[in-house]
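Observations on the three-dimensional arrangement
If you want the building blocks of each chain, they are given just below.
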Amino acid sequence: LKMSWFWLYLPLHLLMETYLCHSIKAPTTSSQQSFKTGLFNFYHSLILADGKETTIHLLKDIPKRYYFVLEESRVLAPFSITVTPCDVPIEWSILVYKSPPGKATSGDHDTQEVSKSQKPSSMVSTIFNYRGNSVETYMGMSSHSALYLLEFLSTERDTHITVYLTTDTTSGHLYPELPMDPRIDVIGIGHTTVTLTWKHSPSVLQHRESIQYCLLVNEKHNYKSLCAAETAIRSSGMKLPPTLALSLSPYLLEPQQVMILSNSELSIINKVSSGEVRQVCMGTKNTYTVPNLSPSTQYYFDVFIVNLLTNASAAYTGTFARTLEEPEPKVTELKDGKVIHVVLDGKKQKFYSLQYQARYKKIHFTFQLCQGQIQVHITRNGKTVASENLSGLRYFSLKGKLLDTYLVQLRSTEESNSSVKVQASPHFHKPLFPLLPESLKIKSFSKLRTCRSVTIAWLGTQEESKYCVYRKRIEEDQIWRELQSADRCSGPESRHKSEKVLCKYFYDLNLQRAVTTETIKGLEAGTLYLFDVYLFGPSGIPVRYHSKVVKTRKKC
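Scope of this entry: the structure provided in the associated data block. The structure presented is a predicted model; accordingly, all values stated were derived computationally and were not measured.

The rules behind each value
- Residues numbered from 1 in each chain as written.
- Predicted model: local features only at pLDDT ≥ 70, side-chain atom pairs only at ≥ 80, totals over all residues.
- Heavy atoms only, no water.
- 1 Å grid on protein atoms, 1.4 Å probe; cavity = no way out; pocket = protein on both sides within 12 Å on 5 of 7 lines; lining within 4 Å.
- Points joined across faces, edges and corners; volume = space filled by probe spheres on them.
- Domains from an automatic or database assignment.
- Pairing = 2+ DSSP bridges.
- Helix = DSSP H or I, 4+ residues; strand = E, 2+ residues; numbered from the N terminus.
- Axes fitted to C-alpha atoms, helices over the stretch in contact; angles between N-to-C directions.
- Disulfide = S-S within 2.5 Å.
- Buried < 20%, exposed > 50% of the residue type's maximum accessible area, 1.4 Å probe, protein only.
- Core = buried A, V, L, I, M, F, W, Y, C linked by side-chain atoms within 4.5 Å.
- Contact = heavy atoms within 4.5 Å.

Re the layout of surface pockets
Quantified by volume, the largest pocket comes out at close to 1,200 Å³. Along the walls of the largest pocket sit 46 residues, with Thr82, Thr84, Val135, Tyr175 and Ser313 positioned nearest its centre. Residue assignment places the lining of the largest pocket across two domains, with domain 1 (44–99 + 123–166) and domain 2 (174–239 + 276–327) each supplying three or more.

See below:
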């Protein structure tokens, strides 16, 4: 069964005249109306290519028609049409305009009459119609000369589909083959992992080098085709490379995409408003463990078998699974006035929990951020009373009832480790930290810099306290590391004795005048120095001011 290329290149009105004059008897009265309708449809149709996947864009409520022609054949020959909706459900149908079986007897065709005892044969018939968003394939057989009309309609919104027509069903398949059982089996579920397996595609056994499996993971729903999955991701406000199989080139990645290479597997993680969409292509392996999932979350898994040479794909039947709930975190008891030093693993991004039972109505929580960035969340009897990102030293004064239970949860917001000191105590308890000034910044005076000295200043308080100044010579390439990695909870005991400059006491009841300056001498010209000031209160626990880098003048 072959396409007639002579017919395909004729103008449509000549094609219809030629086809009708030579192949079809004049329509009877009963079929005239359907014939006229079909003729109108053909005049507004496009030719559907044979052996090629065609992308068709549909506007809402506006039908689109394509046709193809089949020649007469002595034997029944097959053809197939595969339609893949790429978004919303569509309606599509196949109509056939067929010449009656048998040839006319000798004589004038115009004068030949159909026997009154015979029913007039219909010139047009609908042989298939479908509504939905699944991939559907129509397999047909024909031995007669015929015109086929395909009509597509989207009633929900503008969309696009792909259509594949082939009259050569013996030379192979455009789409990879699915196994007899195309289901995905969930064989393992953990708190952050799900293990999947599926039966091998026959195409993998025949064309191992050009076929691979690709997995799509999302938190919304399953997709019936790779085309539909890509459309959904794009509609989330993200640009996506043309096909999943070819989307693994780093230069194609968008800012909201992350690519991971691990054990010869390529993954792309897309950050979208509806959650995380993860794409993984794993070659011809048919078992895969999806890592780094969130606990107690439902995920949907779709496996596509992709032909790397044609970009055509076929979808396994999707599945879903819910990860296990995260076990209750270990809770550490906070005792009145006791300081706990907590180190948080940034890679695991887990909460560290502290519990405190109030023996008084007023409670005072103190947090001193030592390294990194930390989020703190405080609940009282299950209700949130405070939540924020910590910066430096932070106090929370809370008022409740006797025997209220407070739960403090801490989490690093960086990938590197973070640490913090925590204290809970009654409101009237002796404070852990000294009274702090309005700002912990150190100021330097550019005009007072010389080749051998630097003048710095810092704020004090109304409470007499001890201040110690330390200096450290550094290089240009050490500045960022020194400022970022500094442990703000460490005291002077961690410093070398040679770095100590001086210690002094001061205070002023008038906060406007609670400022002190110090000129550090004996420095080298054109050299960078890191200056630190430590404040000591009654408890002896120091508070470190923000480090200051100053460079002495090169020439004086």
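With respect to the sheet that holds strand E4 (residues 77–85)
With antiparallel pairing, the 4 strands of this open sheet are ordered in space as E2-E9-E4-E7. Pairing within the sheet leaves two strands with one partner each, and these edge strands are strand E2 (52–58) and strand E7 (136–142). Within the sheet, the average angular offset between the axes of one strand and its neighbour, ignoring direction, is 20°. For E2 and strand E9 (residues 159–166), the ladder comprises 7 bridges, and the chain directions are antiparallel. The residue of E9 that forms the bridge with Leu58 is Thr159.

Thoughts on the state of the cysteines
All chains considered together, the criterion is met by 5 disulfides. The disulfide bridge from Cys214 ends at Cys281, spanning 2.0 Å between sulfur atoms. Taking the sign of the S-S torsion, about 105° here, the bridge from Cys214 to Cys281 comes out right-handed. In this pair, Cys214 is assigned in strand E12 (residues 211–218) and Cys281 in strand E15 (residues 275–281), connecting sequence segments 67 residues apart. We note that Cys214, like Cys281, is buried. In this model, Cys468 is linked to Cys503 through a disulfide, with the two sulfur atoms separated by 2.0 Å. Looking along the S-S bond of the Cys468-Cys503 disulfide, the torsion reads about 105°, which is the right-handed sense. With Cys468 in strand E31 (residues 465–474) and Cys503 in strand E32 (residues 500–506), the pair connects residues that are 35 residues apart, well separated along the chain. By relative accessible area, Cys468 is classed as buried at 3%.

Quick look at the nonpolar core
For soluble globular proteins, nonpolar side chains are generally found buried alongside one another. Membership of the largest hydrophobic core comes to 24 residues, with the highest contact counts inside it found for Phe365, Phe367, Ile378 and Leu410. Breaking this core down by element, the ones donating at least two residues are strand E21 (339–344), strand E22 (352–357), strand E23 (362–371), strand E24 (374–380), strand E26 (393–399), strand E27 (405–412) and strand E28 (418–426). Take this core: its biggest share by element is 4 residues, from E23. With residues near it in sequence (within four places) discarded, Ile378 still touches Phe365, Phe367, Lys383, Thr384, Val385, Ala386, Phe396, Leu398, Tyr406, Leu407 and Val408. Counting 23 residues, the second-largest nonpolar core is a separate cluster that includes Leu48, Tyr66, Phe68 and Ala146.

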